[in-house]
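Spelled out, the chains give:
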Amino acid sequence: FDAPRNSQRELLVTMAGSNRGFTATREQRQAIIDLVGQLEARNPSPAPNSDCEKLCGTWRLMFTTALDVLSLGALPLVQAGQIFQNIRETDSPEAELEVDNVVELQPATDAILAA
């Protein structure tokens, strides 16, 4: 019985119908957050959020709860394409890492054709 692998599989299946969070129901969102919490609890790294060797880079997001990203789904003439996070070290004494969300915006074909 491979609990982490099963949790990962369940997470992927649950995320699949949520359009990266844009169309997730409250129940889906909570189920995804719970599954992520279960996987985080199994992480052997003592401080995974500050280990730049493992965390820094550009990541393509499969799901987000970030309101600044999800609000883009309400724009009438564009639709969100791929979503990325760029994580890098910073020289700032206030923060070890800096994160930028990057969203590819594309024309909303349906909105253009309907005009």
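Residues numbered from 1 in each chain as written. Predicted model: local features only at pLDDT ≥ 70, side-chain atom pairs only at ≥ 80, totals over all residues. Heavy atoms only, no water.

### Observations concerning helix α1 (residues 3-16)
Moving on, step 1. Under the 1.5 Å per step criterion, the end-to-end length of α1 is 20 Å for 14 residues, consistent within 8% with the ideal 20 Å.
Moving on, step 2. For α1, the complete set of buried residues consists of Ala3, Ser7, Leu11, Thr14 and Met15. Buried residues in α1, looked at end-on, bunch into an arc of 100°, giving them a common side. Facing away from the buried side of α1 by over 90 degrees, the exposed positions are Val13 and Ala16.
Moving on, step 3. Elements that come into contact with the buried residues of α1 comprise α2 (26-41). (Helix = DSSP H or I, 4+ residues; strand = E, 2+ residues; numbered from the N terminus. Expected span 1.5 Å × (residues − 1). Buried < 20%, exposed > 50% of the residue type's maximum accessible area, 1.4 Å probe, protein only. Arc of directions from axis to C-beta. Contact = heavy atoms within 4.5 Å.)

### Let's talk about the side chain of serine 18
Moving on, step 1. Secondary-structure assignment places serine 18 in the loop between α1 and α2.
Moving on, step 2. Judged by its relative accessible area of 0%, serine 18 is buried.
Moving on, step 3. Within the local environment of serine 18, its side chain forms a polar contact with the backbone oxygen of methionine 15, the two atoms lying 2.8 Å apart.
Moving on, step 4. Apart from the residues lying within four places of it in its own chain, the contact partners of serine 18 are Thr23, Ala24, Gln28, Ile32 and Phe63. (Polar contact = N/O pair within 3.5 Å; in protein donor to acceptor, adjacent residues only side chain to side chain.)

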